[in-house]
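Observations on chain architecture
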Amino acid sequence: MPAQDYTQNGKDPAPHCLAVPDSCAGLRLDQALARLLPQYSRARLSAWVKAGRVSVDGRRPAPRDKLHGGEQVSVQPMLSPEETAFRPEAIPLDIVHEDDALIVIDKPAGLVVHPGSGNWQGTLLNALLAHAPQLATVPRAGIVHRLDKDTSGLLVIAKTLTAQTDLVRQLQARSVSREYRAVVHGRVARGGTMEGAIGRDPRSRTRMAVTSSGKPAVTHYTVLEQLPRATVLACRLETGRTHQIRVHLQKLGHPIWGDPVYGPRNAPAAPRFPRQALHAEKLALVHPVTGQSLHWQASLPEDMRQLIAALRES
């Protein structure tokens, strides 16, 4: 597990000051820059020109402007979103437990765990780097498992490489217990187990699906409460595939209430819910240093309590 450098200060690099050689006479500016600064792609250089990060003899040029040779060019590089993603940000965290090896977080719905396409700032990783700067030296800032952006609940973070290695091994050995509370469409008659390999949906690469080419996945579910149009379930993960509970419950015929990806096409108009009604309620593991068995429970967030109350009334 290679370490990511999270210690960069996020400042733009120093500018490049160039004299255009005669060999570049007659070339367009973007062509000349690609030749003079081969460490950058032409697309990136053109973007900097359009963003006003390049000047030619003190004026702002266009990428297709022709050069005559001898011009003085200044290029101010600009870090990409990916390169500026791993900055500490003062984002409040609901810390359930913290010691020298672990942090357990009760993540709110709406918080992205790790920077990625469309979400380069404002993530749990950014918050962790501000809360515990030493996590800059731990791969993925100590994150060993994830929750979807709109799933709330418990996450464990390793504060040292030793703790992270141990927790990853526990996850691989399926000895970490993770139990979720879910509100699903329809009345589920009894508990059971869903076993179905999960992989990319061949019809839509942004979705997951039960497919023969996927990785083995097992979800155990228990009925907690039957409502007129819905059921409250406890779901225990035996494996940890992407979107596992959401995909398995859809396959079962009881998708999660409010799920924008795996929910039914003709969902009831009310009560509306702005996210999948899924909450990581319980977490249990063995402490990587002391060997003590630990467990935590996070109360249902207020929006899910209100949803269940509304469904009872309906």
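Refer to the structure printed above.
Here's a quick rundown of the structure. (Residues numbered from 1 in each chain as written. Predicted model: local features only at pLDDT ≥ 70, side-chain atom pairs only at ≥ 80, totals over all residues. Heavy atoms only, no water.)

Topic: empty space enclosed by the protein
Put simply, the rule reads: Whether a set of points on the 1 Å grid over the protein atoms alone is a cavity depends on a 1.4 Å probe fitting there but being unable to get out, while an open set qualifies as a pocket with protein on both sides within 12 Å along at least five of seven lines; lining residues are those with an atom within 4 Å of a point. Grid points are joined across faces, edges and corners, and a volume is the space filled by probe spheres set on the points. Only DSSP runs of H or I covering at least 4 residues are called helices, and only runs of E covering at least 2 are called strands; the numbering of each starts at the N terminus. Any residue that is not Ala, Val, Leu, Ile, Met, Phe, Trp, Tyr, Cys, Pro, Asp, Glu, Lys or Arg is counted as polar, Gly included; the first ten are nonpolar and the last four charged.
Here the structure, examined in full by the defined rule, presents one cavity of 30 Å³ or more. Taken as a whole, the largest cavity spans an internal volume of roughly 40 Å³. Contributing to the lining of the largest cavity are H145, L147, L154, R178, E179, Y180, A280, K282 and L283. Among the secondary structure elements, those contributing two or more residues to the lining of the largest cavity are β7 (177-185) and β13 (278-286). When the residues that make up the lining of the largest cavity are grouped by side-chain class, the tally is five nonpolar, one polar and three charged.

Describing unusual backbone geometry
Rule in force here: For the exposure calls, accessible area comes from a 1.4 Å probe over protein chains only, and a residue counts as buried if that area is under 20% of its type's maximum, exposed if over 50%, partly exposed in between.
One non-glycine residue with positive phi stands out, namely R174, at about 60°. With respect to the secondary-structure elements, R174 resides in the loop between α4 (161-172) and β7. Exposure remark for R174: the relative accessible area of 43% places this residue in the partly exposed category. One non-glycine residue, H243, adopts positive backbone phi at about 60°. Along the polypeptide, H243 turns up in the loop between β12 (230-237) and α5 (244-252).

Quick look at α5
Along α5, the residues that are buried comprise Q244, I245, R246, V247, H248 and L249. Within two residues after α5, G253 carries a phi angle of roughly 95°, on the positive side.

Focus on the sheet that holds strand β3 (residues 72-75)
Quick note on the threshold: Two strands qualify as a pair provided that DSSP identifies no fewer than 2 bridges between them. To obtain each axis, a line is fitted to C-alpha atoms, and for helices this fit is confined to the stretch in contact; angles are then taken between N-to-C directions over 0 to 180 degrees. What makes two residues a contact is simply this: any of their non-hydrogen atoms within 4.5 Å.
Taken in spatial order, the three strands of this open sheet run β1-β3-β2, and their pairing is antiparallel. Sheet topology places β1 (16-19) and β2 (54-56) at the edges, where each strand pairs with a single neighbour. Taking each pair of neighbouring strands and ignoring which way they run, the sheet shows an average axis angle of 15°. Pairing of β2 with β3, which is carried by three bridges, proceeds in the antiparallel orientation. By the bridge assignment for β3, V54 is matched with V75. Sheet strands touched by helix α1 (residues 29-36): β1, β2 and β3. Its angle to β2, the strand with the most contacts, is close to 110°.

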